[in-house]
Every structure is written in C-alpha cells, then in structure tokens.
Amino acid sequence: MGKIYKSARTTLALIMVLITLFGFAFELYDIQITNKEYYAAQNNTVKTYKVPLEAARGEIVDRNGNPLVFNRQGNSIVLNAAYFPSGKENDKRNKIVYNLIKLFNKNKEEYVHNLPLKLKGDKVVFFTEKDDENYENAIATMKHKDMFNLQDYATAQNCFDAMVEKYELESYVEKYGKATALEIGNIRYELTRLLFSVSNPVTIAADVTDKTVAVVKENNTVYEGADVRVVAYREYADSTLAPHIIGTVRKINAEEYARLKSEGYGINDEIGESGIEAAMETYLRGTPGEKTITIDDEGNVTEEITKEPVQGDTVVLTIDKDLQKLAQEKLRTICRGVDVYNSTGAVVVEECNSGEVLAAASYPAYDLNDYYEHYSELSKERLTPLYNRFALGTYAPGSTFKPMMALAALQEGAITEDTIFVCDKYMTVAGHTFKCAHTHGGDDVRGALKDSCNIFFYNCAKRLGIEKMNLYGSMLGLGEKTGVEIPEARGILAGPEYRKRFDMLWAPGDTVQAAIGQSDNLFTPLQLCNYCATIANGGTRYQMHFVKSRISKATDIVSDTGINVVQTIDVSDKNIKIVQEGMRYVATDGGPYRVFSKLDTKVACKTGTSTVIVNSIKHNNGFLITYAPYENPEISVASAIEMAGSGSSTAEITSSVIDYYYSHNTNEKKAQKDATLLN
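What counts, and where the lines are drawn
Every chain is numbered on its own, with residues counted from 1 as its sequence reads. pLDDT decides what is reported in this predicted model: residues at 70 or higher carry local features, side-chain atom pairs at 80 or more are listed and counted, and totals for whole chains, interfaces and linings draw on all residues regardless. Side-chain measures here rest on the full set of heavy atoms in the structure, leaving out hydrogens and waters. Helix and strand assignments follow DSSP, with helices taken as H or I runs no shorter than four residues and strands as E runs no shorter than two, numbered in order from the N terminus. We call a residue buried when its accessible area falls under 20% of the maximum for its residue type, exposed when it is over 50%, and partly exposed in between, using a 1.4 Å probe and counting protein chains only. The contact criterion used throughout is that any non-hydrogen atoms of two residues lie within 4.5 Å. Method for areas: the Shrake-Rupley scheme with a 1.4 Å probe, in which residue coverage is limited to the protein chains shown. Geometry of aromatic contacts follows a simple scheme: Phe, Tyr and Trp rings, the Trp one being its six-membered ring, pair when their centres are within 6.5 Å, and the pair is stacked under 30 degrees between planes, edge-to-face over 60, tilted otherwise. Charge-over-ring placement is defined geometrically: NZ (Lys) or CZ (Arg) within 6 Å of the ring centre, and within 35 degrees of the ring normal. Within this analysis, the arc is defined by the directions that extend from the helix axis to the C-beta atoms. Think of it this way: DSSP has to see at least two bridges between two strands before they count as a pair. Side-chain atoms alone can form a polar contact between residues adjacent in sequence; in general such a contact is a pair of N or O atoms within 3.5 Å, and within protein one must be able to donate a hydrogen while the other accepts it. Among the buried residues, those of types Ala, Val, Leu, Ile, Met, Phe, Trp, Tyr and Cys that are joined through side-chain atoms within 4.5 Å form a nonpolar core. Note on definitions: salt bridges are taken to be side-chain nitrogens of Lys or Arg within 4 Å of carboxyl oxygens of Asp or Glu. The length a helix should cover is 1.5 Å for every residue beyond the first.

### Re the overall build of the protein chain
Then, number 1: Looking only at helices and strands, the protein chain features 25 helices and 25 strands.
Then, number 2: Taking all 679 residues of the protein chain together, 49% fall into the buried category.
Then, number 3: In the protein chain, once contacts between residues fewer than 6 apart in sequence are set aside, the share between residues at least 24 apart is 70%.
Then, number 4: Element-wise, carbon and sulfur atoms account for 50% of the exposed surface of the protein chain, whose accessible area totals about 33400 Å².

### Notes on the environment of Gly608
Then, number 1: Looking at the element boundaries, Gly608 is found in strand 23 (residues 604–614).
Then, number 2: For Gly608, a relative accessible area of 4% translates into the label buried.

### Comments concerning the packing of aromatic side chains
Then, number 1: Applying the stated criterion across every chain yields a total of 18 aromatic pairs.
Then, number 2: Between Phe456 and Phe457, the ring centres sit 5.2 Å apart and the planes meet at 70°, which makes this aromatic pair edge-to-face. A single burial state applies to Phe456 and to Phe457, both of which are buried.
Then, number 3: Linked through ring pairs, Tyr366, Tyr371, Tyr372 and Tyr375 together constitute an aromatic cluster.
Then, number 4: A cation over a ring is seen here: Arg285 above Tyr265, with NZ or CZ 3.7 Å from the ring centre.
Then, number 5: Residue placement shows Arg550 over the ring face of Tyr283; its charged tip is 3.7 Å from the ring centre.

### A few points about helix 4 (residues 134–143)
Then, number 1: Those residues of helix 4 lying buried are Ile139, Met142 and Lys143. Around the axis of helix 4, the buried residues are gathered within 95° of arc, so they sit on the same side.
Then, number 2: In this structure, the buried side of helix 4 is in contact with strand 4 (117–120), strand 5 (124–127), helix 5 (156–167) and helix 7 (178–193).

### Examining the pairing of strand 4
Then, number 1: Pairing of strand 4 with strand 5 involves four bridges; the strand directions are antiparallel. Paired with Lys118 across the bridge in strand 5 is Phe126.
Then, number 2: In textbook terms, the turn of a hairpin is the stretch between consecutive antiparallel strands, and for strand 4 and strand 5 this stretch comprises three residues, one of which, Gly121, has a positive phi near 65°.

### Digging into the side chain of Gln328
Then, number 1: With respect to the secondary-structure elements, Gln328 resides in helix 13 (residues 321–339).
Then, number 2: A residue is classified by how much of its surface remains accessible, and Gln328, at 19% relative accessible area, is buried.
Then, number 3: One polar contact links the side chain of Gln328 to the main-chain amide nitrogen of Ala242, over a distance of 2.7 Å.

### Considering the nonpolar core
Considering soluble globular proteins, one finds that nonpolar side chains tend to be buried as a cluster.
Then, number 1: In this structure, Ile276, Phe390, Met405 and Phe546 are the most contacted members of the largest nonpolar core, which totals 93 residues.
Then, number 2: With eight residues, the single largest contributor to this core is helix 21 (residues 525–536).
Then, number 3: With near-sequence residues (within four places) excluded, Ile276 lies in contact with Ile60, Ile245, Ile246, Gly247, Glu281, Leu284, Val315, Leu317, Glu485, Ile486, Phe546 and Val547.
Then, number 4: Among the nonpolar cores identified, the runner-up in size contains 53 residues, and Tyr111, Leu115, Phe127 and Ala181 belong to it.

### Focus on the pattern of salt bridges
Then, number 1: With the rule as written, the count across this model stands at 30 salt bridges.
Then, number 2: With a closest N to O distance of 3.1 Å, Asp313 and Arg550 form a salt bridge. With Asp313 in the loop between strand 11 (301–307) and strand 12 (314–317) and Arg550 in strand 20 (residues 547–551), this residue pair connects regions lying 237 residues apart in the sequence. Grouping residues by exposure puts Asp313 and Arg550 together as buried.
Then, number 3: As a salt-bridge pair, Glu417 and Lys574 come within 3.2 Å of each other at their nearest N and O atoms. Of this pair, Glu417 sits in the loop between helix 15 (402–411) and strand 15 (421–423) while Lys574 sits in helix 22 (residues 573–589), placing them 157 residues apart in sequence.
Then, number 4: Bridged by salt links that share partners, the residues Arg57, Arg234, Glu277 and Glu281 form one connected network.

### Things to note about helix 5
Then, number 1: If you check helix 5, its first and last C-alpha atoms are 17 Å apart, about what 12 residues at 1.5 Å a residue would give, namely 16 Å.
Then, number 2: Looking only at helix 5, the buried set comprises Ala156, Cys159, Phe160, Ala162, Met163, Val164 and Tyr167.
Then, number 3: Buried-residue contacts for helix 5 involve helix 3 (90–106), strand 4, strand 5, helix 4, helix 6 (170–176) and helix 7.
Then, number 4: Phi turns positive, to about 55°, at Glu168, one or two residues after helix 5.

Worth remembering: the numbers are spatial, not functional.
Spelled out as structure tokens, the structure:
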C-alpha cells in the first residue's frame, strides 16, 4: 500500500514539473515569437529629459540710459546627473566630489556650504553659528525626513553621524578625518536638498576662474559628471548707488519655490528680494529656455537646446544717476557734520508735473556687493543702514505742515489773505498754554509762513477744526501712500480717528499742536516731497514712481509707465498763489536765505523742526520742502535730517540738488539725452 502511495506522489510531482516547464516554454514563445517586436521596442526604450535653461535677468538703467545693474558672463561648475554615477554608487560619487574639492581648494574657489554643521579641531561637531532668520530653518531642513530623518532634539553630532551613514563616508572619516568627510557631505547634501536629477543639474561652485574651468574640461574622467555652465552674474555700475531703490537678488527659498513652481520657477532660480529687483521681478526674470537630454538603452547621452532663453526686460528708472550720487554724497556730508555718531536722514527729489522720482537717498546706506556677505553685521548696526528712511521712515514734520494749514484755512474761509493774528509768543487753549519760538507781532498768512509763526496757525486750527485740517492733509497726500513700486509706510495723520485705535481721547489742545506738524503727525520724506510738488504745480497730486518704462529684449517694444493723477485738489488758483508767495518769502527772507540767495534759480520753500529725545537729551530734527523754479515749478525736494537743529541747516543739500539739476538739464542737453535713449 505504501509503495502505491509513493508512486502516486512521484507521478504528481512529475506532472507539476511538466506543467511548470510548459508554462515557461509558452512564456518564452510569447516573448520571442508572438510579441517579439513589442518586447524588442521595450528593451530599446529611449529616455528623454527636459532641463530648464536660466534666462539672464534684465538690466536696470537710469532715466538717461546709463547702466545701473547689468550682467557679466562667468562660469559655474555644475553636476549633471546624466553623466554622474547613480545614487546607489556612493563610492564613485564620493571620489568625484573629493577630487573636485581638492581642485577648488587648490585654486581657492568658493563652493557650496549649506549644511549647517561645523567642526572644532576635527573633533567637536556643532551647528553653524548664524544670527540671521534662516538659521533655524536650515537646521530644521537638515533634520527633515527627506534629508537625514532625525528628531528635532538631534544634536550636531547626531546629524554628522547621519550624514556619514547616508552618504557612506566612513572610509573618508578614517583616512582623512571628519573635516574632509564634512566637506564631501556638504556637496552631497546640496544634491539631496536641491533634488538632483537629470532634469535638475545642481551648481556646486559659482563664478570660478578660467584655470578651474580648463582643468574640469580637460579631465572629464576624474571629474565625471562635472560640467561648466556659462552664467550671467549680476553686476553694478556703482554698488553703493541707490541700494534702497535697486534692491537685492537671491536664490529662491523652499516656500517660494513651492508657491511659484507652477509659474515656471526652478529650485535653483534667483528671485528679486527687495527694491525694484522684487517689484519688477515678473519683467526682469526673463523667459527660461529648455535643453532636451536623451539617453538611449546603451547609456549614450545626446543634448539639444530646443528652446532658447530670452533675457528679461530692461527696466528704465526715473532716477538720474548723477543726481542720485550727488544727493547721497551731500546727505552723508550733512548728517556726519551734524553728529557723526547719531545723525541719519533722507532726501527725495521729484518731478513736479509727473510724479517721477529723480533721486531718493537714505543715510546711512550700504554696498549691494557686500549685502549678503555682511548682512549679519549690517542688521545689527546701531544706525540701521538697511532701513529705508525716505520710504519707511516717518517723522513729525514740524512747520513744513503749515503750507497745508494755510491753504485749508484760505479755501474754507477761516481766514483771508488780509487776516492778521497778533503773536505775543503765548496762547491759551482749554486751560493749556502753547507758545511760539518768537514774538512776531501782527502777521498775515504770507508773513506767518515766512516767520513760521505758531500763534497764527493755532488760530487757524481753532477756526478750522481737526476734521477740515485732515481733509486737506489727506487730499495733499499726507498720511497716504505715494504709490511707489517699493514698500513704503502710510504714515499718520493726527486726529480722533487715530486716537480711537488706542482708546485715547482727542482734546482741543491736540488740534493746535497738530496744526504745527506735531501731535501724532508722522509722514515719510516721500510724502513731504509729493505734498510740496502738489502745491507747486497748482494742486495736482501725481502718483510717485521709480519706473519710467520697460524695454522688451524679445521685441524692443518700449512700455511707458505713464503719468497717473491721483487727485486734483479743489482749491482756487488765488489761494494756491498766496501760499506759494508765502513759501517764496521763506526763501528770500527766512532762515535758508543765505544759502538760496547764491542760486541762479528762484525757489520757494518751508522749513520745519520737531523735537526728539535721544539719550535723555532733547534734539530737533530738521526738515525742508522746496520747489523750483518759483515761477514755473519743475522739481520739488524734501529733506529730513535727524538732530539737524533746524530745517535751514539742511538747505545745502537742496541747494546742491537744484544747482546740479539746472546746470545739467538745459534744453540742449535734454535733447541729447532723449536721442541717446531712442538709439
């Protein structure tokens, strides 16, 4: 019985083997005979990849076509995954990277160091010490599950160990030490961080020397996968000129990439961070090109540029390069002359009949070439050079507020041109005493502007009330953004509405204080300049702007920004003229007379001071708003100098600006500049 059972089992096993063999035979027949062509085609699959080609950023020029920001060609070393060993071949990858690092160090080239780890004495590992806001993000990225996959509490040594394990760097630690392993790990980390692939080559060294380029090109087996890419690098005609206007460019960050990749941005792209570089990013960035990489079944690689990149538009600014330089130099001289350790300030020059900003300077400033290298130090400097005072700085304007008060009082019938108020230096309002700087006796509105008589404008305030005062202040653009392309402060127009935000009451005494540019009033130099221009041109408030036009690199079509009227002030020509005459008296018989009398051009102006306390000591900030020429206004100038003592002390800046403008803008020279731009 047992023999029969064993025989049956043997027979069954043979049958199963035969069935299996038959199945294999059928499958082989299907592959080799029935579907031969299909499987042959599958075996000869050609892989195609699209690699974006970065477009050069557009240039930035001044109103006369003078270059401010342009591009310089240089070379970068990139790793190309089409020729680089695969991610499974860590030994090969590490050897190539090690060879590249030796070359970079020998030729003193800078290369990527975005792994936030450092060594002390080749023993102690610690996190990179940085004070900028990206420090915590860099460490969090390193510990992320897609990188080293560590817990938040992981130490620097834990991160180093994870790096060594991930990239199989143990032999380099043993043979060359931790420092060498960390250098290799830095580049390997960059490849991981930037999603290295055939479609996404990664730059590991930027702006390298021709010597390094030659070595890489001549030794493609030693540096397998390393390639030389010609890159457009941002350059400045003068890196200290208008930094707060031009702004900065940097590599796109992870959050921006996630948000903008649908718009064609790559993870390696640069993006405007501030100023015009950020405001005009859409036009400056250009149109990326495309390279098609094909890899056949035998590993042969072919490359073809299937779409040429198009450089970004040229952005033409409204500023005059030489006038901007002059304004910066004069501002620096005045501020340092007032108090080299504490005085800061700003100056703005505007074309009265267009809103174009001809110059805008903030002191202290910085060098665009050093911005990222010295950001930490710059951000800590006591006088805050990174802070844009002409657009973001807000100041109590002092007596520069009085032309608005005069215009409002005249237009509302609170006074006439013949109304006289007697100034005996003091005035009591609601039980509080307010004073003037001097005893002026009887003054009409023109004289009150010339003498800057507080008592006159206290009386105007009592008759007008804060609501009417603020109506005209707002119409003239005070406490309103000017519309420039870069970030600016709104400022504050003092009044009950503002006080309500803090559950504070508005008293009659606040109204008279507001009338002389004190109380809660805070305005930017941009606003003061635009306000002055509006009075100068007869009541038309223009939107201020830094961009004059754009010139397309693809089509050469010029797109003008145009002139935008924000508001036409509903005031009579007569009342505007009275205020203008009062401002003319300030220039001919007021504090700035000695400076302005030397000019060939007639000007009208108004000075102002406001009190600030620095180190428990009272100081006066100085302000001056000016327009020229008096009879047919073309430009307005506003300056704000902290601790200047008086507005008159800032007149040297304004005088220099006006003298330059009218010695360099004759009709003949204007025609020459227009011809240059057209060509």
